[in-house]
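Residue strings, one per chain:
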Amino acid sequence: MSHGTESELGLSVQLTGGLLHDWQQRNRQATIPHAITELRKAGNLENLRRLADPSVGPYRGRYPFLDTDLYKTLEGLAYEVDRDDAPAGAREFFDEVVELLEQAQAEDGYLNSYFQDPDQPKQPWSDLGWGHELYNLGHLIQAAVAANRRLSDGRLLTIARRFADLVVRKYGEHGEEIVDGHPEVEMALVELYRETGDEDYLTQARLFVDRRGRGKLKHTIFPGEYFQDHVPFRELPSVTGHAVRMAYLAAGAADVHLETGDPTLLAALERLWADMVATKLYLTGGLGSRHSDEAIGDRYELPSERAYAETCAAIATMQWAWRMFRATGKASYLDVYETVLYNAYAVGLSADGSAFFYDNPLQRRPDHEQRSGAEDGGELLRRAWFGCPCCPPNIIRWMSELQDHVADARDNILYVGIYADARITAGDLTVNVTTDYPWNGEITLTVENAPSEERTIALRIPRWASDAQLDGQSVDVGWAVTTRSFKRGDVLRLTLPMGPRAHGSHPYLDATRGAIAVARGPLVYCVEQQDVETPVDDLLLTPTAVTKATARQQDDHLVLELTAGVAPAPPPELYPVITEQTPGSAIDEVPVTFTPYFLWGNRQALAMRVWLRTERDD
């Protein structure tokens, strides 16, 4: 859960229309009811229920962290159950799970249905590398804080504090020096400190960050790099290991910095972020290039068809980005946040809201048959649920919290960083934002209420909007700042250029060398085989063709139409001998429709590409 809407100016953001609002409506109407059904079917509730009644049956599922799927769902539900249009059955589910947690919690505060299972040979705290007990606690805390803030319901907070107090006693300043195999609790403990004012929680979060990489965790199966535990956090040369773990750890360290002002943490975070963006992040904002170990990979190791780019890693990257913006005020962090939001995160959910991608490649070959999540059987594209279903509930909670990451307010400045139809109140200043973003770059802010004193409004100008204008005047990339005594009815008009762009890639990035990708505004586009007669692998593209592309309304989104070349027939050999320059120019041209990347995979399981070969002038 983010603290982004809580500032000294009393910030409140409500989405009132547009794409993000529509996503939240889909979350309420489709995704949450679907998830409740799947959680019941998977046995998550029975795993808690059987602690009081063993006749319910054995523990269901193969992982020790399945309680977190309930916690993440509860966090999302804290935003939804008191709404007039609350998801069907959401309140009943929320109350049922909370009551089961109250009954299941041990006398000392411990709570984990896997390790409390009487038939489980492993004991609590016996496998910190893989047990995920503190990871579980982290998600419990975030659900508890959300419920306390949004619903004034302190039941979960009481449960979470009992468990957190146990951890402080056992692993605090005077306890055993350990860390968990899966970072996440660090963010949550800082949030618990913010909610309660108890500094023991902030201290515990700092200890967990500082202990990592100092031999406090027993490594099994994978080496220390997988856990970001081979060197102390401040000495990490680059983001590394399991992608979700890495980004959660960095976000937690950023939270510790935000509350302690530790400059050494900020320096490490800025260095790691810069290296990640420059060498390890996909064009879509996806993080993680290896299916093996769900790992980030080497610098410039960014294969398209084997991109892992787990949906949870997208959410973790956004959490880190938001905290870096909060720590530095730099718009560049929100540029990355926005890229992830509209691409690497949004693609994880189907258009109807009831099926999910676990991994998010940038290419699908015609004969590809591996299922998302690397599970046998089922659909070739998105799946209704997973044996390790960490991504679907994560999508739910983040979707419910989108408004928390639209704006920020501090030092009498209202920062509007993500554009959507919204009503934003910062103390005695209220503005209404109207826009058709990300399809259209026209954004209007109308002042509804304003104080007599001067206020400052800062509008983010994305890095791709070099020709942006505010009230008819050119503004630079970064923040466009307006300071004056606003009056009711005052209007700010921002125009962001939305021409199609052709992107190349760094020459060290072998996988996409000599290829072009298409983007418009914050959206990355792709070609699906359904939208072109020629095999997508034979298409050739030029920057000129991209700049001539036209946008066309299709259903509730915009597609791009352009003309691409068709490559000559390839040689029959896999590795032909080259004796002269191989012809590369097109022998024909065909019309091609480019679809927003986040919408791919909602039709037949056919080929798809983000990156297309460049047509050479021979």
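The following paragraphs examine the structure supplied in this document. (Residues numbered from 1 in each chain as written. Predicted model: local features only at pLDDT ≥ 70, side-chain atom pairs only at ≥ 80, totals over all residues. Heavy atoms only, no water.)

As for the overall build of the chain
Looking only at helices and strands, the chain features 14 helices and 21 strands. In summary, the chain has a C-alpha radius of gyration of 25 Å against a globular reference of 25 Å for 618 residues, a match within 12%. Taken over 618 residues, the chain has a buried fraction of 60%. The long-range fraction of contacts in the chain, counting pairs at least 24 apart against all pairs at least 6 apart in sequence, stands at 70%. When the accessible surface of the chain is totalled, it reaches about 23,400 Å², and 46% of it is carbon and sulfur. The centroid of the 60 positive side-chain charges in the chain is displaced by 1 Å from the centroid of its 92 negative side-chain charges. (Helix = DSSP H or I, 4+ residues; strand = E, 2+ residues; numbered from the N terminus. Rg over C-alpha atoms; globule rule 2.2 N^0.38 Å. Buried < 20%, exposed > 50% of the residue type's maximum accessible area, 1.4 Å probe, protein only. Contact = heavy atoms within 4.5 Å. Areas by Shrake-Rupley, 256 points an atom, 1.4 Å probe, with all protein chains shown as cover. Lys, Arg positive; Asp, Glu negative; His and termini not counted. Charge placed at Lys NZ, Arg CZ, Asp CG, Glu CD.)

Observations concerning the pairing of strand S8 (residues 455-461)
Among the 7 residues in S8, 7 count as buried, and that is most of the element. On S8, burial covers both faces: Arg455, Ile457, Leu459 and Ile461 on one face and Thr456, Ala458 and Arg460 on the other are all buried. Two strands pair when backbone bridges link them, and strand S4 (residues 413-416) and S8 are joined in this way by 4 bridges, in the parallel orientation. Among the inter-strand pairings, Val416 is bridged to a residue of S8, identified as Leu459. Sheet topology note: the S8/strand S11 (residues 478-484) ladder contains 7 bridges and is antiparallel. When the bridges of S11 are listed, Ile461 appears paired with Gly478. (Pairing = 2+ DSSP bridges.)

What to know about the pattern of salt bridges
For side chains of opposite charge, pairing can occur when their charged atoms come near one another. For the structure on display, the rule yields 46 salt bridges. Here Asp408 and Arg326 are joined by a salt bridge, their closest N and O atoms 2.7 Å apart. Here Asp408, found in strand S3 (residues 407-410), pairs with Arg326, found in helix H11 (residues 311-328); they are 82 residues apart in sequence, far enough to count as distant. Grouping residues by exposure puts Asp408 and Arg326 together as buried. The shortest N-O distance in the salt bridge between Arg463 and Asp335 comes to 4.0 Å. Of this pair, Arg463 sits in the loop between S8 and strand S9 (469-470) while Asp335 sits in helix H12 (residues 331-345), and the two are 128 residues apart along the sequence. Relative accessible area serves as the criterion here: at 49%, Arg463 is assigned to the partly exposed category. Through salt bridges with shared partners, a single network forms among Arg149, Glu191, Arg194, Glu195, Asp255, Glu259 and Arg323. (Salt bridge = Lys/Arg side-chain N within 4 Å of Asp/Glu carboxyl O.)

Looking at the sheet that holds strand S12 (residues 491-495)
If you walk across this open sheet you meet the 7 strands as S1-S5-S6-S7-S12-S9-S10, and the pairing is antiparallel. Two strands lie at the open edges of the sheet, namely strand S1 (11-17) and strand S10 (473-474), each paired on one side alone. Bridge analysis of S9 against S10 gives 2 bridges, and the strand direction is antiparallel. The partner of Gln469 across the bridge, within S10, is Ser474.

Notes on unusual backbone geometry
Cis peptide bonds are those with omega within 30 degrees of zero, and the linkage from Tyr437 to Pro438 qualifies with 10°. Its location among the elements puts Pro438 in the loop between strand S6 (429-435) and strand S7 (442-449). We note that Trp125 has phi near 65°; this positive angle belongs to a residue other than glycine. As for its placement among the helices and strands, Trp125 is situated in the loop between helix H4 (90-104) and helix H5 (133-151). When its relative accessible area of 15% is taken as the criterion, Trp125 is described as buried. If you check the backbone angles, Asp293 has positive phi at about 70° while not being a glycine. The residue Asp293 is located in the loop between helix H10 (263-279) and H11 in this model.

Focus: the sheet that holds S11
Hydrogen bonds along the backbone pair up the strands of a sheet, which may run parallel or antiparallel. Taking strand neighbours across the sheet as the criterion, the 4 strands line up as S3-S4-S8-S11 in an open arrangement whose pairing is mixed. Among the strands making up the open sheet, the edge pair consists of S3 and S11. Strand-to-strand twist across the sheet, computed as the mean angle between neighbouring axes with direction ignored, equals 20°. Along the sheet, H11 contacts S3, S4 and S11; its crossing angle with S3, the most-contacted strand, is approximately 25°. In the packing of H12 onto the sheet, the strands contacted are S8 and S11, and the crossing angle to S8 comes to about 50°. (Axes fitted to C-alpha atoms, helices over the stretch in contact; angles between N-to-C directions.)

Digging into the packing of helix H7 (residues 185-196) against helix H9 (residues 243-260)
Interaxial distance between H7 and H9 falls to 7 Å at its minimum, and their mutual angle equals 30°. Our classification of the angle between H7 and H9 gives roughly parallel. Each of Glu186, Met187, Val190, Tyr193 and Arg194 in H7 lies in contact with H9, whose residues at this interface are Tyr248, Ala251, Gly252, Asp255, Val256, Leu258 and Glu259. (Parallel < 35°, antiparallel > 145°, perpendicular 65-115°, else oblique.)

A few points about H12
Each α-helix winds once per 3.6 residues, and so residues spaced three or four apart point in a common direction. If you check H12, its first and last C-alpha atoms are 20 Å apart, about what 15 residues at 1.5 Å a residue would give, namely 21 Å. Counting buried positions along H12 yields 14 of 15 residues, so the element is predominantly enclosed. (Expected span 1.5 Å × (residues − 1).)

None of this, on its own, says anything about what the molecule does.
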